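Chain residues, written in single-letter form:
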Amino acid sequence: KFANYLKTEQPDKFKIMKYKQLVQLEEAEGGFDQFTRSYKTFGIQRKPDNSLFFKEWAPAAEALFLTGDFNDWDKFSHPYTKKEFGKWELILPPKQDKSPAVNHNTKLKVVVHTKQGERLYRISPWAKYVTQEDTAVVYDWVHWDPPQPYLILPKKEMTKRSLRTYEAHVGIASPEGKIASYTNFTNNVLPRIKDLGYNCIQLMAIMEHAYYASFGYQVTSFFAASSRYGTPDELKQLIDVAHSMGIVVLLDVVHSHASKNTEDGLNQFDGSNSCFFHSPPRGEHTQWDSRLFNYSSWEVLRFLLSNLRWWMEEYRFDGFRFDGVTSMLYHHHGIGTSFSGDYSEYFGLQVDEDSLVYLMLANHILHTLYPDCITIAEDVSGMPALCRAVQEGGLGFDYRLAMAIPDKWIQILKELKDEDWSMGNIVYTLTNRRFGEKCIAYAESHDQALVGDKSLAFWLMDKEMYTNMSSLVPMTHIIDRGIQLHKMIRLLTHGLGGEGYLNFMGNEFGHPEWLDFPRVGNNHSYHYARRQFNLVDMDHLRYHQLYAFDRDMNRTEDKYGWLAAQPAFVSAKHEEDKVIVFDRANVLFIFNFHPSKSFQNYRIGVEVPGKYKIKLDTDETLYGGHGRLDHNTEFFSESHPFNGRPNSMKVNIPNVTLLTHQSSSFVECHSVLTMKYTPIIIPGLLASSLIFRPLF
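Computed from a predicted model, the values in this text were never measured in an experiment.

Enquirer: How should the UniProt feature "domain: Glycosyl hydrolase family 13 catalytic" (unreviewed entry) in the protein be read in this particular structure?
Expert: Those places that UniProt annotates as "domain: Glycosyl hydrolase family 13 catalytic" (unreviewed entry) correspond, in this numbering, to residues 183-542. Across residues 183-542, helical content stands at 32% and strand content at 11%; the span's end C-alpha atoms are separated by 29 Å.

Here is the structure:
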């Protein structure tokens, strides 16, 4: 097969390596379908007669034993038998009453005897459930085999035309200072996400991690859903309910590195430094203080690819956001490296070919077995063809995160006065992506919400969020400017920045506090490890106005679908006027970022001739604006070419407040007998913006 492939095709190097791996899987394992279901043969498996089959891979071990509650923690009574290729197996017959020898919720350990004479206590890498006692430091392996397995509901058909993603952390999804539960998320947060118009959830920190403050990025048990939020069945119910609402659920998967923990992690499972990982120094990430997988190892491929299948099959996730892809792609892991876009930065000896081929394999297998699966890469380098199909020589991701966009907004707010904002530079950052490789745009994610950084709301309003967000007192200049810019930045990013959109939970309403997990430095406090959704429910606070705008922005996109459309045509980025105009999906956006000037009879180019009316207006009082525009006003285009468009019209872009002047608008074009269309204008506080869409 491989020889014929080389004769008939002219593949690049990485396509050859990927295809070779697939051929080897076919010959040695009966194909990748069987290979990636190894979670059904490793770890603990209950057989039809209720006997239990245990299997581990520990190539450097001298001997393995099973101990636990079932044998009163006898260290030697249940030895594994050594097999080929570093495998170890153990069979426990059922009890006399025909029930399994190890009961549901029984604690277990693997006892590893090393060639150096050490005795190590380990958790199976394939453990499906691990728990931690209140006062304990180390997690326990708990056998999860409930008498009544959870019955997953059939998944209904869900549209994935425009991905509007709500990045969420279950543990902080409550106003209370505690670790929130899967059930709380299901009952209290999912309805909010649905109401906000998001059609996708990206769940963080689900793969079990011993250190809560790692935000889930120091994984210890790859097959275990975090027990700190509840049981596996409660996570399955969360996903079922989300699916019933038409919401896609993605897992934030961490295959880029692993925790250095030994007693409850993968590190030194068999006593060696090279069981799942490269030996040091290649197997250590100095900046993250973690271990790096050996992607060339057959058993590591089995483990990681089966891990992806496990989350898809057992929990019915709809895809993955792959964390730390930049670190995987390069031997330097992106440390101390800036990427200018020169192709020599992407193709050379600095590329880790093993991990690159692993990502190609993962995407090929996922998209072959699950055609609707969505994969997103967290890559800051801009690796070419990252989001092109594997058969084209790409890595096969559906989207990459547009990580330069939030950095740009923070840099602008941190370093520049309003009058010094460069419209051209903003537009460049929002449109700087390769055609045909889809991006997820976002103004801020969890990174900007963490303590030590600032969210957009904090950069804009800072301490006044604690004192002046009440609508019962006059709006200050800082709050006025902050509220309007908050809306405009998000709308501009939403409309221009990518083929998908992402928001971190709470940021949509300008959450007034940063995010900080309990740790030694804050006396293990949960005060900042929460999201205060209760603020949105207080009508006298302006947070609900930002929430309302985010909701209507998403609902408007759902109606017109600009995220699924071709990239925007930018007809104006006027530096002196601070005006940006673009159209996308037959929708016209107009933004005025000038800190003091409003404009009357301002000419803008339009593609479609017709009549225009306002449809989304950041200056509406509903959104904390000043209601300066009459939504009954109609605007008519002229056969006057302007800024690269065959038609144009004149609009008013007023300042929204006496303090500052910004606005955003959405305009819809309605077909009339004269084949004209109706546009819509929407101002915000510091600038005005318009969005227009013709309906045929």
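Okay, back to it.
Enquirer: Even after reading the chapter, I still don't get the confidence of the model for the protein, so can you show me in this structure?
Expert: Detailed reading of the predicted coordinates is not advisable wherever pLDDT falls low. A residue-level look at the protein finds 91% of positions with pLDDT of 70 or above and a mean pLDDT of 90. Low pLDDT (under 50) marks residues 656-690, which in the prediction has 249 contacts with non-local residues, meaning those over four places away or in another chain. Within the model, the stretch residues 692-696 combines pLDDT values under 50 with 39 contacts to residues more than four positions away or in other chains.

Enquirer: Would you mind going over the sheet that holds strand E10 (residues 163-169) with me for this structure?
Expert: Consider a sheet: its strands pair through backbone hydrogen bonds, and that pairing is either parallel or antiparallel. Within the closed barrel, the eight strands sit side by side as E10-E11-E14-E17-E18-E19-E20-E21. Their pairing is parallel. With strand direction ignored, the average angle separating the axes of adjacent strands in the sheet is 30°.

Enquirer: Just checking my understanding: could you explain helix H9 (residues 404-415) for this structure?
Expert: Three or four residues apart is the spacing at which side chains of an α-helix point the same way, because the helix has 3.6 residues per turn. A rise of 1.5 Å per residue sets the reference length of H9, with its 12 residues, at 16 Å; its end C-alpha atoms lie 16 Å apart and thus fit the reference within 8%. All of the buried residues along H9 are Ile405, Pro406, Lys408, Trp409, Ile410, Ile412 and Leu413. Elements that come into contact with the buried residues of H9 comprise helix H10 (423-431), strand E20 (439-441), helix H11 (446-449), helix H12 (456-461) and helix H13 (477-496).

Enquirer: What am I meant to see in the UniProt feature "active site" (unreviewed entry) in the protein here?
Expert: As recorded in UniProt, the sites labelled "active site" (unreviewed entry) are Asp323 and Glu378. Spatially, the listed residues are clustered: although they cover 56 residues, their C-alpha atoms lie within 5.4 Å of one another. Here Asp323 is to be found in the loop between strand E17 (319-322) and helix H7 (325-329). Assessed through its relative accessible area of 7%, Asp323 is described here as buried. Residues within four places of Asp323 in sequence aside, it is in contact with Tyr217, Asp252, Val253, Val254, Ser256, His257, Met328 and Glu378. With respect to the secondary-structure elements, Glu378 resides in the loop between strand E18 (374-377) and strand E19 (399-401). The class of Glu378 is buried, set by a relative accessible area of 14%. Apart from residues lying up to four places away in sequence, Glu378 is in contact with Arg321, Phe322, Asp323, Gly324, Val325, Thr326, Leu401 and Met403.

Enquirer: Is there a simple way to think about the packing of helix H6 (residues 298-314) against helix H8 (residues 353-369) in this case?
Expert: The description of two helices packed together rests on the angle between their axes and the distance between the axes. The geometry of H6 relative to H8 is characterised by a closest axis approach of 11 Å and an angle of 35° between their N-to-C directions. Our pair here, H6 against H8, has a crossing hand that is right-handed. Of the residues in H8, those touching H6 at Leu301, Leu304, Leu305, Leu308, Arg309 and Met312 are Tyr358, Leu361, Ala362, Ile365, Leu366 and Leu369. Of the residues in the contact of H6 with H8, the class split is 11 nonpolar, no polar and one charged.

Enquirer: Explanation requested: the packing of aromatic side chains in the structure shown.
Expert: A full pass over the atoms with the stated rule returns 46 aromatic pairs. For the ring pair Tyr343 and Tyr346, a centre distance of 6.2 Å and an interplane angle of 80° mean the geometry is edge-to-face. Judged by relative accessible area, Tyr346 falls into the buried class, the value being 3%. Taking the centre distance of 6.3 Å and the plane angle of 90° together, the rings of Phe509 and Tyr543 count as edge-to-face. Of the two residues, Phe509 is situated in the loop between strand E21 (500-504) and helix H14 (543-560) and Tyr543 in helix H14; the sequence distance between them amounts to 34 residues. When its relative accessible area of 0% is taken as the criterion, Phe509 is described as buried. The ring centre of Tyr315 lies 5.4 Å from the NZ or CZ of Lys236, which sits over that ring.

What counts and what doesn't
- Residues numbered from 1 in each chain as written.
- Predicted model: local features only at pLDDT ≥ 70, side-chain atom pairs only at ≥ 80, totals over all residues.
- Heavy atoms only, no water.
- UniProt positions renumbered as here; feature names shortened; annotations may be inferred.
- Helix = DSSP H or I, 4+ residues; strand = E, 2+ residues; numbered from the N terminus.
- pLDDT = per-residue confidence, 0-100.
- Contact = heavy atoms within 4.5 Å.
- Pairing = 2+ DSSP bridges.
- Axes fitted to C-alpha atoms, helices over the stretch in contact; angles between N-to-C directions.
- Expected span 1.5 Å × (residues − 1).
- Buried < 20%, exposed > 50% of the residue type's maximum accessible area, 1.4 Å probe, protein only.
- Left-handed = near helix turned anticlockwise from the far one by under 90°.
- Nonpolar A, V, L, I, M, F, W, Y, C, P; charged D, E, K, R; others polar.
- Phe/Tyr/Trp six-rings, centres within 6.5 Å; stacked < 30°, edge-to-face > 60°.
- Lys NZ or Arg CZ within 6 Å of the ring centre and 35° of its normal.

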